[in-house]
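Okay, here's what each chain looks like letter by letter:
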Amino acid sequence: MPEGDTVYLAGKRLRAALSGRTLLRGELRHPRLVEHDLAGRTVLDVASVGKHLFTRFDDGRSLHSHFRMDGSWHLYRPGMSWQRPAHEARAILENAERVAVGFALHDMELLPTTQEDRLVGHLGPDLLDPGWSDEHAAEALRRFTARGASEVGSVLLEQRVMAGVGNLYKTEVCFLRGFSPWTLTRDVPDPAGVIALSRELLLRNADRPEQSTTGDLGRNQHWVFERGGQRCRRCGTRIRVAEQGAGVYARLAYWCPRCQPGPAPAPQPRAPRR
């Protein structure tokens, strides 16, 4: 599932391409929305809330979309070939200059703009909210510390605590703060600092497709994420990887056992060679 900065950047690009322009084509191919035609509607705004996008129209309605695991919005010039198959397209919003195509968007809904909160009101504070304030930080901290008996890696992914962190930033925040993802939230030192770092990393990458937590935009963008079995960039210890969470919430966790002390699964023995 994409990180909040990926959704934020998609919303920013869609806003620049669509906002203030009238649609020449507004085709919705989602099974629940095929009877709706948005041609003739003017796009007022495109807003991201955590990992949700709302495209707002001049008739008082919003088109909600969520990327889930494989969804995305692409922008093209009229007449350009699409980079994904046409049968994956779920929305086509075209004006005189740009074509926005939403691919593999499994979660879509057309609803009154005044009711957007029905879909996102349960979320914690959005870490990329332009209006972020001390009150947002305090509310995120309250929700975070209320999960004291839960593993911090799972809490960081909980959008009801704070919206925007995905598996990449969960992994990197735990490394940079120096604790195992399996540490209980009540045992995490300086939880306010954890929230601040989560927001800082998202902000650092919000306006570019590259997601670097090391400051390197080349091959060495991450400290431990997706580097299982490789050497830690700080101490040289082999980075470990294990599944954290259950069922649909299970995600791979990466960590350095030396730089990130604390509870962790026992290493799995290697199968003998035949």
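Small disclaimer: the values here were computed from a predicted structure and weren't measured. (Residues numbered from 1 in each chain as written. Predicted model: local features only at pLDDT ≥ 70, side-chain atom pairs only at ≥ 80, totals over all residues. Heavy atoms only, no water.)

Quick word on the overall build of the protein chain
Consideration 1: The number of helices and strands found in the protein chain is six helices and ten strands.
Consideration 2: For 274 residues, the compact-globule estimate of 2.2 N^0.38 gives 19 Å, and the protein chain sits close to it at 21 Å.
Consideration 3: Scored against the burial criterion, the 274 residues of the protein chain give a buried share of 46%.
Consideration 4: Nonlocal contacts in the protein chain, meaning residues at least 24 apart in sequence, comprise 58% of its contacts between residues at least 6 apart. (Helix = DSSP H or I, 4+ residues; strand = E, 2+ residues; numbered from the N terminus. Rg over C-alpha atoms; globule rule 2.2 N^0.38 Å. Buried < 20%, exposed > 50% of the residue type's maximum accessible area, 1.4 Å probe, protein only. Contact = heavy atoms within 4.5 Å.)

Focus on the pairing of strand β2 (residues 43-49)
Consideration 1: Where β2 and strand β3 (residues 52-57) come together, six bridges link them in antiparallel fashion. Opposite Ala-47, over in β3, you have Phe-54 as the bridge partner.
Consideration 2: Between β2 and β3, which pair antiparallel one after the other, the connecting turn spans two residues, and Gly-50 there sits at a positive phi close to 60°. (Pairing = 2+ DSSP bridges.)

Considering the nonpolar core
Consideration 1: Within the largest apolar cluster, 31 residues are counted, with the highest numbers of intra-cluster contacts made by Leu-127, Phe-144, Val-152, Leu-156, Met-162, Val-194 and Ile-195.
Consideration 2: The residues touching Phe-144, leaving out its near neighbours within four places in the chain, are Val-152, Val-155, Leu-156, Val-161, Thr-185, Pro-191, Val-194 and Ile-195.
Consideration 3: Of all hydrophobic cores here, the second largest spans 22 residues; its members include Leu-33, Leu-53, Phe-67 and Trp-73. (Core = buried A, V, L, I, M, F, W, Y, C linked by side-chain atoms within 4.5 Å.)

What to know about the layout of surface pockets
A water-sized probe, rolled over the atoms, reveals where empty space remains.
Consideration 1: Space inside the second largest pocket adds up to approximately 380 Å³.
Consideration 2: For the lining of the second largest pocket, the secondary-structure elements that each account for two or more residues are α1 (4-18) and β5 (72-76).
Consideration 3: When residues in the lining of the second largest pocket are grouped by element, the largest group, six residues, is from α1.
Consideration 4: For the lining of the second largest pocket, a count of residues per class yields eight nonpolar, five polar and four charged. (1 Å grid on protein atoms, 1.4 Å probe; cavity = no way out; pocket = protein on both sides within 12 Å on 5 of 7 lines; lining within 4 Å. Points joined across faces, edges and corners; volume = space filled by probe spheres on them. Nonpolar A, V, L, I, M, F, W, Y, C, P; charged D, E, K, R; others polar.)

Some thoughts on the pattern of salt bridges
Consideration 1: Summed over all chains, the structure comprises 17 salt bridges.
Consideration 2: Residues Arg-41 and Asp-59 are paired through a salt bridge, measuring 3.7 Å at the closest nitrogen-oxygen approach. Taken together, the residues span a long stretch of sequence, with Arg-41 in the loop between β1 (25-28) and β2 and Asp-59 in the loop between β3 and β4 (61-66) at a distance of 18 residues.
Consideration 3: For Arg-41, a relative accessible area of 27% puts it in the partly exposed group.
Consideration 4: Taking the shortest distance from any N to any O, the salt bridge between Arg-142 and Glu-139 comes out at 2.7 Å. With Arg-142 and Glu-139 both in helix α3 (residues 134-145), this residue pair falls three residues apart, about one helical turn.
Consideration 5: A relative accessible area of 48% places Arg-142 in the partly exposed class.
Consideration 6: Through salt bridges with shared partners, one network takes in Arg-15, Asp-45, Arg-56 and Glu-116. (Salt bridge = Lys/Arg side-chain N within 4 Å of Asp/Glu carboxyl O.)

Quick word on the sheet that holds strand β6 (residues 89-94)
Backbone hydrogen bonds hold the strands of a sheet together, and the pairing may be parallel or antiparallel.
Consideration 1: Pairing is antiparallel across the open sheet formed by four strands, whose spatial order is β1-β6-β7-β5. Two strands bound the open sheet, and with one partner strand each, they are β1 and β5. Ignoring which end each strand starts from, the neighbouring axes of this sheet average 15° apart.
Consideration 2: The sheet contact formed by β6 and strand β7 (residues 99-103) spans five bridges and is antiparallel. What sits directly across from Leu-93, in β7, is Ala-100.
Consideration 3: Contacts between α1 and the sheet are confined to β5, β6 and β7, with β5 contributing the most and set at about 35° to the helix. (Axes fitted to C-alpha atoms, helices over the stretch in contact; angles between N-to-C directions.)

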